[in-house]
Amino acid sequence: MIPTNEEEEFRLKFIPAGFMSAGELTIEPAKQEIQAFSKRVVRMYDFIPELFELKDEKKFDQLMSRTKKYEEITDRMELEIANYLTKVSERGLSLGASQEISAMLRIVDNLESIGDSCYQLSLTIESKNKQNISYNEEMNGKLQHMFTLVREAIIEMNNNLSGNYHTITVDRAKELEHQINEYRDKLRAEHTESVKQNEYSYQTGISYSTLYAQCEKLADFAINVTEAID
């Protein structure tokens, strides 16, 4: 489901605008912004399977525009949250608080990278359409399965960011990482064999392999977030 236009306007909900005294600078608003950031990249990622399936050119162009807007918002969110965390870190903090800020800076960096990866995926799909490249049913099904696996990794990341940073375990994230890497390797081996057998054109093969490789890279950023929390 495509989100409302309200979600497509940049605004921080928890970090106040304007000057704040040193005593008002705390980690908690940044944590809340990071949770909102994570939810936004989940919504952005959900554009990708929809773009992949869309046949209507006008609707596709509209969703591409929204994807670009989301990418711009993720850039700004990373910058604003990181700036705030930098100000917080200038206070005299305990070792634990300093480590938590370092982890949060890694998290926002990886969330922004997920936004970038979503946009790159959308551009690959757009290029596929412009070149009139089509995949057979089996290839489509395998990419849809990859989309589903990657979404599970993103949802796990999002759930972890909504919990207590000190009670998170990486077990499920690592399991998903293993599944995604194995599936990427499987697709790559099959693709290499298909190219040898001339089962599809070189152009089609490049487009196909780019998509599953980009998916695996995106999932790495989601795993990085959970590892930064842990």
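That block above? That's the structure.
None of the values given here were measured: they were computed from a predicted structure.

Caption draft 1: Layout of the nonpolar core. Membership of the largest hydrophobic core comes to 68 residues, with the highest contact counts inside it found for Ile34, Ile107, Leu111, Ile114, Val150, Met157 and Leu161. Among the secondary structure elements, those contributing two or more residues to this core are α1 (28-45), α2 (47-53), α3 (57-89), α4 (95-130), α5 (137-161), α6 (171-196) and α7 (202-229). For leucine 111, the contacting residues outside a window of four places in its chain are Ile34, Phe37, Ser38, Val41, Met157, Leu161 and Val225.

Caption draft 2: Expanded view of the packing of aromatic side chains. Inspection of the entire model under this criterion finds 6 aromatic pairs. Both rings, one in phenylalanine 52 and one in phenylalanine 147, keep their centres 5.4 Å apart while their planes meet at 80°; by these two values the pair is edge-to-face. Linking phenylalanine 52 in helix α2 with phenylalanine 147 in helix α5, this pair joins segments that are 95 residues apart in sequence. Given a relative accessible area of 6%, phenylalanine 52 falls into the buried group.

Caption draft 3: Seen up close, the environment of glutamate 100. Inspection of the secondary structure puts glutamate 100 in helix α4. According to the relative accessible area criterion, glutamate 100 is buried, its value standing at 16%. Taking C-alpha positions, glutamate 100 is 41 Å from glycine 141, a pair spaced 41 residues apart along the chain. Setting aside chain neighbours within four positions, we find glutamate 100 in contact with Ile27, Lys31, Tyr165 and His166.

Caption draft 4: The pattern of salt bridges, seen in detail. Under the counting rule described, the total for this entry stands at 14 salt bridges. In this structure, lysine 142 and glutamate 138 form a salt bridge, with 2.9 Å as the shortest nitrogen-oxygen distance. Taken together, the positions of lysine 142 and glutamate 138, both in helix α5 and 4 residues apart, correspond to about one turn of that helix. Salt-bridge contacts for glutamate 216 lead to arginine 184; the nearest nitrogen and oxygen are separated by 3.2 Å. Placement of glutamate 216 in helix α7 and of arginine 184 in helix α6 is noted, with a sequence separation of 32 residues between them. Exposure class is identical for glutamate 216 and arginine 184. Each is buried.

Cut-offs used in this document
Each residue is numbered by its place in its chain's sequence as written, counting from 1. Local features in this predicted model are restricted to residues of pLDDT 70 or higher, and side-chain atom pairs are both shown and tallied only at a pLDDT of 80 or more, whereas totals for entire chains, interfaces and linings draw on every residue. Calculation of side-chain values draws on the structure's entire complement of heavy atoms; hydrogens and water are dropped beforehand. Here, the term nonpolar core denotes a set of buried Ala, Val, Leu, Ile, Met, Phe, Trp, Tyr and Cys residues that are joined through side-chain atoms within 4.5 Å. Think of it in three bands: residues with accessible area under 20% of the maximum for their type are buried, residues over 50% are exposed, and the middle band is partly exposed, with areas taken using a 1.4 Å probe on protein chains only. Working definition: helices are DSSP H or I runs of at least four residues, strands are E runs of at least two. Numbering for both runs from the N terminus. In this analysis, two residues are considered to be in contact whenever any of their non-hydrogen atoms come within 4.5 Å of each other. Classification of ring pairs uses Phe, Tyr and Trp, with its six-membered ring standing for Trp, and accepts pairs whose centres are within 6.5 Å; under 30 degrees between planes counts as stacked, over 60 as edge-to-face, and the remaining range as tilted. Salt bridges are defined as contacts in which a side-chain nitrogen from Lys or Arg sits within 4 Å of a carboxyl oxygen from Asp or Glu.

Read these as layout, nothing more, since geometry by itself doesn't imply function.
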